Amino acid sequence: DPGEEGRADPVVVEERLEAARGFAPADQPLLVDEEPRRHRERKMEREAELRLATDEPEVDQQERLLPALHDGMAMLQQALRLAQAARLLRVPIWGTEHHPEGLGPMVGPLRSLCPMVLPKTSFSAVGAGLADLLRPAVKPRPAGNARSLPKHLQKPTPEAPGRSSILLAGCETHVCLLQTALELIELEFDVWVVTDACASRNERDRDAAFDRLAGAGAELLTTEMVLFEWLRDCEHPAFKNILSLIK
């Protein structure tokens, strides 16, 4: 779900290759297909930018908690793939750390992929300012004579640029991730939970959280589903780089 930094369909983590060309016959110039190929690549890049303009990953994976998690290392590997793909596709990524003084910081390799990490003590990341990052407040318009104009002549107040979708991954699924997702849904965000990049200490707690999230309206998907839906086409300029993360 990329273009200019900050416009993409999110991953929140609790976040160019040329197309292969065949050989032309000896009597056919290689430039014959060059312009159409470049046109297709530019078109795919623009489409990817539009798709990703609303998606961002948010990730939460902390050092002291990780060993206690069910399938914790498998979850971490998927979270890393998700964040690496987001960086390749220029999808904005945010991380959160719950009570880092007690649970430790986010795992180093993952933290290095998150340009911004929000420390928090509330279980939901919304209380730490996540929603404000997704939908920044509109700056008030300066007062002036325009206020005295009839309403139908006044210029409408511009809406702040924001994102309507967010991808969530992290731990624990039934606590921080669940509460973050439910609050974002209440705020009318489209929430997508990357299930294989989530974990809890107890498998039953994790699965119960997935059931509740699905009932609340969140979309459940896997890391590979996200990556291939971001790409859409095997001729995407980043296809080979993304494929190398999976194999």
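Residues numbered from 1 in each chain as written. Predicted model: local features only at pLDDT ≥ 70, side-chain atom pairs only at ≥ 80, totals over all residues. Heavy atoms only, no water.

Caption draft 1: Focus on the packing of helix 2 (residues 72-88) against helix 8 (residues 223-231). Axis separation between helix 2 and helix 8 bottoms out at 10 Å; the angle between their running directions is 15°. It follows that helix 2 is roughly parallel to helix 8 by the angle criterion. Viewed along their axes, helix 2 and helix 8 form a crossing whose handedness is left-handed. Facing Gln78, Arg81, Leu82, Ala85 and Ala86 of helix 2, the residues of helix 8 in contact are Thr223, Val226, Leu227 and Trp230. In the contact of helix 2 with helix 8, the residues fall into six nonpolar, two polar and one charged. (Axes fitted to C-alpha atoms, helices over the stretch in contact; angles between N-to-C directions. Helix = DSSP H or I, 4+ residues; strand = E, 2+ residues; numbered from the N terminus. Parallel < 35°, antiparallel > 145°, perpendicular 65-115°, else oblique. Left-handed = near helix turned anticlockwise from the far one by under 90°. Contact = heavy atoms within 4.5 Å. Nonpolar A, V, L, I, M, F, W, Y, C, P; charged D, E, K, R; others polar.)

Caption draft 2: View of helix 6 (residues 173-186). End to end, helix 6 covers 18 Å across 14 residues, agreeing with the expected 20 Å (1.5 Å per residue, within 8%). Within helix 6 the residues assigned to the buried category are Thr173, Cys176, Leu177, Leu178, Thr180, Ala181, Leu182 and Leu184. Glu188, located one to two residues past helix 6, shows a positive phi value of around 70°. (Expected span 1.5 Å × (residues − 1). Buried < 20%, exposed > 50% of the residue type's maximum accessible area, 1.4 Å probe, protein only.)

Caption draft 3: Layout of the nonpolar core. Counting 36 residues, the largest nonpolar core has Trp230 and Ile242 as the members making the most contacts within it. Only helix 2, strand 5 (165-171), strand 6 (190-199), helix 8 and helix 9 (239-246) provide two or more residues apiece to this core. In contact with Ile242, not counting residues within four places along its chain, are Ala85, Leu88, Leu89, Leu227 and Leu231. Counting residues in each nonpolar core, the second largest holds 21 residues, with Leu118, Leu130, Ala131 and Leu134 among its members. (Core = buried A, V, L, I, M, F, W, Y, C linked by side-chain atoms within 4.5 Å.)

Caption draft 4: Here's a closer look at the confidence of the model for the chain. Confidence in the prediction of the chain, expressed as mean pLDDT, is 75, and 63% of residues score 70 or more. Summarising per-element confidence for the chain, the mean pLDDT is lowest in helix 1 (residues 34-52) (45) and highest in helix 7 (residues 203-216) (97). Every residue in residues 1-7 is under pLDDT 50, and counting partners more than four places away or in other chains gives 31 contacts. Of the regions scoring below 50 in pLDDT, residues 14-39 engages in 41 contacts with residues more than four places distant in sequence or in other chains. (pLDDT = per-residue confidence, 0-100.)

Caption draft 5: Structural context of helix 7. Helix length check: helix 7, at 14 residues, gives a terminal C-alpha distance of 20 Å against a target of 20 Å (1.5 Å per residue), a fit within 8%. Buried within helix 7 we find Arg206, Ala209, Phe210 and Leu213. For helix 7, the arc enclosing every buried residue in end-on projection is 100°, short of the 170-degree limit, so these residues lie on one face. Every exposed residue of helix 7 that faces more than 90 degrees away from the buried side is listed here: Arg204, Asp211 and Gly215. If you follow the buried residues of helix 7, they end up packed against helix 6, strand 6 and strand 7 (219-221). Between a side-chain oxygen at the N-terminus of helix 7 and the backbone nitrogen of Arg204 the separation is 2.7 Å; the capping residue is Asn202. Positive phi shows up at Gly217, right after helix 7, with a value of about 110°. (Arc of directions from axis to C-beta. Polar contact = N/O pair within 3.5 Å; in protein donor to acceptor, adjacent residues only side chain to side chain.)

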